[in-house]
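Observations on the model geometry
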Amino acid sequence: MGIITVRCAKCGRKIFKYQKMGKGKLWRCWKSRIIEDYSIHDGDEVRCECGNVIGVDKGGYIRLRQSAIIIRS
Ligand SMILES: [Zn+2]
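I will try to describe carefully the structure that is included in this document.

Parameters and conventions
- Residues numbered from 1 in each chain as written.
- Predicted model: local features only at pLDDT ≥ 70, side-chain atom pairs only at ≥ 80, totals over all residues.
- Heavy atoms only, no water.
- Pairing = 2+ DSSP bridges.
- Helix = DSSP H or I, 4+ residues; strand = E, 2+ residues; numbered from the N terminus.
- Axes fitted to C-alpha atoms, helices over the stretch in contact; angles between N-to-C directions.
- Donors = N, O, S within 2.8 Å, 3.2 Å for Na, K, Ca; no water.
- Tetrahedral: all angles 85-135°; square planar, octahedral: opposite > 155°, others 65-115°.
- Buried < 20%, exposed > 50% of the residue type's maximum accessible area, 1.4 Å probe, protein only.
- Salt bridge = Lys/Arg side-chain N within 4 Å of Asp/Glu carboxyl O.

**Digging into the sheet that holds strand 3 (residues 28-30)**
Strand order in this open sheet of five strands is 3-8-7-6-5, and the pairing throughout is antiparallel. Lying at the two open borders of the sheet, with one neighbouring strand each, are strand 3 and strand 5 (40-42). Going across the sheet, the axis of each strand differs from the next one's by a mean of 30 degrees, ignoring polarity. Where strand 7 (residues 53-57) lies against strand 8 (residues 61-64), three bridges are found, and the strand directions are antiparallel. Across the sheet, Gly55 pairs through a bridge with Leu64, a residue of strand 8.

Encoded structure:
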């Protein structure tokens, strides 16, 4: 819970700073709770600068690929 950092599992770059609510895995990043955003949007694909696809833009939130990210609290 609290502020977490979502990093790219491939290159380690910071992708989001995010206000996480509740426990458990982070499946979705709600855009309204993203504090810092370093991601690249290409259509509905969300990528790291290195090209690693980290999720899919679903409008109000980003659905994350669990294998593509590392989370640090
Ligand atoms: Zn990366």
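Having put the structure on the table, let's press on.
**As for the coordination of the zinc ion**
In a perfect tetrahedron of four donors around a metal, the angles come out at 109.5 degrees. In a perfect octahedron of six, they are 90 or 180 degrees. Protein-derived ligands of the zinc ion are Cys8 (SG), Cys11 (SG), Cys48 (SG) and Cys50 (SG), with the metal-ligand distances lying across 2.3 Å. Angles of 101 to 115 degrees at the metal separate the four donor atoms of the zinc ion, which places the site in the tetrahedral class. Taken in sequence order, the residues that donate to the zinc ion follow the motif C-x2-C-x36-C-x1-C. When its relative accessible area of 3% is taken as the criterion, Cys48 is described as buried. The exposure class of Cys50 is partly exposed, given its relative accessible area of 36%.

**Comments concerning the pattern of salt bridges**
Counted under the stated rule, the structure contains three salt bridges. Taking the shortest distance from any N to any O, the salt bridge between Asp57 and Lys31 comes out at 2.9 Å. In this pair, Asp57 is assigned in strand 7 and Lys31 in the loop between strand 3 and strand 4 (34-37), connecting sequence segments 26 residues apart. A residue is classified by how much of its surface remains accessible, and Lys31, at 34% relative accessible area, is partly exposed. With a shortest N-O distance of 3.0 Å, Asp42 and Arg47 are connected by a salt bridge. Connected via shared salt-bridge partners are Asp42, Glu45 and Arg47.

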